[in-house]
Amino acid sequence: MNWPPQTGQPPPRVIGCWYEPIKFEGWILAARGHGPEWAKVLHVGPDDLGTVWAAIRTAAVLAPVSRVIDTEHGIICRVDMELAIGKRTAPARTAWHYANEESAPRLVSAYPRL
């Protein structure tokens, strides 16, 4: 796969994508973060981490990168996608961090777009 990530193309090595639990617990699904948006749009909450992660991971394989930001700490890719959880679907925005050219992407943030 070509490096660096390119807009319009799937994120490199997305099959190996991963997340840190603290991101979901402290922000993505938390009440002080994007939790209210997830609850309103897709009817999921903190107890649904596995379901939400599975939906993100499934959608990320085909979703194209919409923005690439090269930072001193690696590359951040914004990937907009359509998530399906149960019978509900919604557009969502995700951000992925690549520490270096060989790394798999780590989920930085995710939220449904209202």
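A. Inspection of the pattern of salt bridges at higher detail. A full pass over the atoms with the stated rule returns 2 salt bridges. R106 is paired through a salt bridge with E20; the nearest N and O atoms lie 3.2 Å apart. Here R106, found in strand β4 (residues 106-112), pairs with E20, found in the segment before α1 (21-28); they are 86 residues apart in sequence, far enough to count as distant. When its relative accessible area of 16% is taken as the criterion, R106 is described as buried. Two residues, D80 and R93, come together in a salt bridge whose shortest N-O distance is 2.7 Å. Here D80 is found in strand β2 (residues 74-85), whereas its partner R93 is found in strand β3 (residues 88-98), with 13 residues between them in sequence. Classification of D80 as partly exposed rests on a relative accessible area of 24%. Look at R93 and you get buried, because its relative accessible area is 16%.

B. Region of the structure containing helix α2 (residues 35-42). Turning to α2, its buried residues number three or more, namely G35, E37, W38, V41 and L42. Taken around the axis of α2, the buried residues stretch over an arc of 160 degrees, which confines them to a single face. If you follow the buried residues of α2, they end up packed against α1, α3 (49-60), β2, β3 and β4. Where α2 terminates, the next one or two residues include H43, which has phi positive at roughly 55 degrees.

The rules behind the values
Residues numbered from 1 in each chain as written. Predicted model: local features only at pLDDT ≥ 70, side-chain atom pairs only at ≥ 80, totals over all residues. Heavy atoms only, no water. Salt bridge = Lys/Arg side-chain N within 4 Å of Asp/Glu carboxyl O. Helix = DSSP H or I, 4+ residues; strand = E, 2+ residues; numbered from the N terminus. Buried < 20%, exposed > 50% of the residue type's maximum accessible area, 1.4 Å probe, protein only. Arc of directions from axis to C-beta. Contact = heavy atoms within 4.5 Å.

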